[in-house]
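Spelled out from the first residue to the last, the chains are:
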Amino acid sequence: MKTSCFSLYKGPGRVGISVGRPRNIDPGDYEVYPALAPEWSWLGLTRAEYLPLYHERLAGLDAQQVWDELHALVPGKEPVLLCFEEPPFTADHWCHRQLVAQWFREKLGQEVTEVEIGLSRQAPPPVTDGEGDAATPEERLIDHEDYVDPRSRSLTDPVSLEELQEHCERHYAALEALWQAQRKGDQEAADLADIEVALARVQVLAGWKRMSAIERALAVQRRMIPQSIIRDV
């Protein structure tokens, strides 16, 4: 078993253990194992705040059972546990998949290492208004290819519980990307992620408002929708 991140590892045996899901990867191209994912509300916590919560999560799991289930998800392949954080890791730049690897080592004596992949990604160029000046957050939101005007008819059409889940997962992934950028001090990436959060939030709010009481109860029970959004409805 190994670990990596969605943006770098494209090989076989991919298993997501993040709270969010990547938008640029077909869900059918990887498996998910939610038991190892953190809670969305933990995003943004300091390492000192995060560690006790995640260690408590692991303490409630059977390491051997988890190991077996992960291998069963990708029969005949080596499981590669994925989330969003990119290496290299330091004392200030860390990831919960490292905690999973340490857990397997301590509980089962199994070494779980990071897949060695060269980092070739570059930060995207700044968005401008076409005349060289940086566009405002509002302009960048409206010009985004996924922007949906709140007055649009598509935001009044009914949505299913499954569609709301897709919107919520997009929101979780955007929040995690924002958290990572802020931790790295990358303001440009943080600005882009903040726009993605806003785009996803519009869809989640619109979907939530058009659901029945029963569907809303199910969404809350399944922890699909962030409490922060529910409070804003």
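See the structure above.
Reading the values: rules and limits
- Residues numbered from 1 in each chain as written.
- Predicted model: local features only at pLDDT ≥ 70, side-chain atom pairs only at ≥ 80, totals over all residues.
- Heavy atoms only, no water.
- Phe/Tyr/Trp six-rings, centres within 6.5 Å; stacked < 30°, edge-to-face > 60°.
- Helix = DSSP H or I, 4+ residues; strand = E, 2+ residues; numbered from the N terminus.
- Buried < 20%, exposed > 50% of the residue type's maximum accessible area, 1.4 Å probe, protein only.
- Disulfide = S-S within 2.5 Å.
- Pairing = 2+ DSSP bridges.
- Core = buried A, V, L, I, M, F, W, Y, C linked by side-chain atoms within 4.5 Å.
- Contact = heavy atoms within 4.5 Å.

**Comments concerning the packing of aromatic side chains**
Thought 1: Within this structure, the stated rule accounts for five aromatic pairs.
Thought 2: Taking 5.2 Å as the distance between ring centres and 50 degrees as the angle between the ring planes, the aromatic pair formed by phenylalanine 6 and phenylalanine 84 counts as tilted. Of this pair, phenylalanine 6 sits in the loop between strand 1 (2-5) and strand 2 (14-16) while phenylalanine 84 sits in the loop between strand 4 (80-83) and helix 3 (96-108); the two residues are 78 residues apart in sequence, bridging distant segments of the chain. In this pair, the class of phenylalanine 6 matches that of phenylalanine 84, namely buried.

**Details of the state of the cysteines**
Thought 1: Summed over all chains, the structure comprises zero disulfides.
Thought 2: Looking at cysteine 5, it has no disulfide partner, and the nearest cysteine sulfur is the one in cysteine 83, 7.4 Å off.

**Remarks on the pairing of strand 1**
Thought 1: For strand 1 and strand 4, the ladder comprises four bridges, and the chain directions are parallel. When the sheet's bridge partners are listed, threonine 3 is paired in strand 4 with leucine 81.
Thought 2: In this sheet, strand 5 (residues 113-114) lies alongside strand 1 in parallel orientation, the contact comprising two bridges. The partner of threonine 3 across the bridge, within strand 5, is glutamate 114.

**Focus: the nonpolar core**
As a rule of thumb, soluble globular proteins bury nonpolar side chains together.
Thought 1: Among the nonpolar cores identified, the biggest contains 23 residues, and Leu36, Tyr54, Leu70, Leu81 and Phe104 are the most heavily contacted of them.
Thought 2: Elements with a contribution of two residues or more to this core: helix 1 (47-59), helix 2 (63-73) and helix 3.
Thought 3: Of the residues forming this core, the biggest block, five residues, is contributed by helix 3.
Thought 4: Contacts of leucine 36, omitting those with residues within four sequence positions, involve Ile17, Tyr54, Leu58, Leu61, Val66, Leu70, Leu81, His96, Val100 and Trp103.

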